[in-house]
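Listed below are the residues making up each chain.
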Amino acid sequence: MPDTSSGRLYNFSAGPGALPVEVIQAVRAELPVYRKTGASVMEISHRSEEYISIEASARALLRRLMGLEEDWHILFLGGGASMQFHQVPLNFLTHSADYLVTGTWARKAIAEAAKLGHARKVASSEDANFSYIPVRDTWDLNPDSVYLHFTSNNTVYGTQFRESPKASVPLVCDASSDFLSRSIELNRYGLIYAGAQKNLGPAGATIILIKDNFLARRKSGLPTMLDYGTHTAKCFNTPPVFAVYVVEKVLRWLEDQGGIRAIEAVNSRKAALLYNTIDASGFYHGTAAPDSRSRMNVTFRLPNAELENQFVDEARDGGLLALKGHRSVGGIRASIYNACPFAAVLALVSFMKDFERRRG
Ligand SMILES: *Cc1c(COP(=O)(O)O)cnc(C)c1O
């Protein structure tokens, strides 16, 4: 059981997801008045020294955490990851772009690209309800593609690429649900985007990393707000101030945890504990192919839908929040992002064993 005296439960929400409790407390402490501004952070100019230094600190933390050199631009924009489905091809899709279709979000991304140009499906796992990541030898890659787009973690289906794909063209990645959860082969990428609300902060900010030599390939004559170059050049309009402010605190929290390698080790222990529990039981059944399992969203089924509903309700009564699977697939989904503590996974496993004993 979590310490429910505060009313906060162990949160397995897929998105917006759990934030570190330390961050929530720090926000609360300085919410009415930020530093010496005489106002809250929501009520000061985005051109003020205070806000500029919040953004600068968030950038510096991201550079340190990920090892981003100066040839990477860091943007905090609005519009969510879904806006990037359009903005990426708008900026970069000239003759042809490649897409790996491994889930709902990937399918949306290729659909948007297809409205703007030639978007090729390189491989898909739709034939088996997106339960696996197609193996590399089956990919029909085009060496003349401007980029290869993929979704590093499939939030709905609970699958994840084991490593950054190898391709002769720059990778463009929707990393919304595993951003900063593990280290990646940065030199393969041209652009990485992530909505903040899964692993990084509150909804409202989208983090976009663009390598300078990739940015240089964008088209000209783009609408001002949708041209990445507008935002790499200067602060063009009001950024999502409050979201960036919280993201900066989450990044600091992550550095305090020991950075990406340390959180990656914890994430892998959390996932292993859950998958081992599933595999050791004849009652729970994992839905993702074992070699494609996500370390962020663990999806599984019980023998029938009635038991699944009971599982979700009883878990909620026991202090374990938001375990219902995505409405399009059903079942159970435990989202165990960076901010989900190990103790929460221990509590879930103990609940699972108890539930199986009683209902199995
Ligand atoms: C949640 C999610 C999205 C959609 O994000 P929005 O910010 O709501 O547009 C896109 N891709 C992935 C992988 C996601 O998990």
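Before any of the text, the structure's been laid out above.
Parameters and conventions
- Residues numbered from 1 in each chain as written.
- Predicted model: local features only at pLDDT ≥ 70, side-chain atom pairs only at ≥ 80, totals over all residues.
- Heavy atoms only, no water.
- 1 Å grid on protein atoms, 1.4 Å probe; cavity = no way out; pocket = protein on both sides within 12 Å on 5 of 7 lines; lining within 4 Å.
- Points joined across faces, edges and corners; volume = space filled by probe spheres on them.
- Nonpolar A, V, L, I, M, F, W, Y, C, P; charged D, E, K, R; others polar.
- Helix = DSSP H or I, 4+ residues; strand = E, 2+ residues; numbered from the N terminus.

So, empty space enclosed by the protein
Taken as a whole and judged by the stated rule, the model has 2 cavities of 30 Å³ or more. Computed from the structure, the largest cavity encloses a volume of approximately 50 Å³. In terms of lining residues, the largest cavity is bounded by A18, L19, P20, K198, N199, L200, G201, V250, W253, Y337, N338 and A339. Partitioning the lining of the largest cavity into residue classes produces 8 nonpolar, 3 polar and 1 charged. Of the voids in this model, the second largest cavity is the one considered here, and its volume is about 40 Å³. Around the second largest cavity, the lining residues are S181, R182, E264, N267, R295 and M296. Looking at the lining of the second largest cavity residue by residue, the class counts come to 1 nonpolar, 2 polar and 3 charged.

A closer look at the layout of surface pockets
If a probe the size of a water molecule is rolled over the atoms, the empty space left behind becomes visible. The calculated volume of the largest pocket comes to roughly 560 Å³. Looking at the largest pocket, it is lined by 25 residues, and the ones nearest its centre are R8, L19, P20, V21 and P341. Mapped by element, the contributors of at least two residues to the lining of the largest pocket are β1 (10–11), α1 (21–29) and α8 (259–280). No other element matches the 5 residues that α1 contributes to the lining of the largest pocket. Looking at the lining of the largest pocket residue by residue, the classes come out as 15 nonpolar, 5 polar and 5 charged. If you trace the second largest pocket, you find 26 residues lining it, with F76, L77, H231, K234 and C235 closest to the centre. Of all the secondary structure elements, the ones that give two or more residues to the lining of the second largest pocket are α2 (49–66), β2 (72–77), α3 (80–92) and α6 (228–233). A class-by-class count of the residues in the lining of the second largest pocket yields 15 nonpolar, 8 polar and 3 charged.

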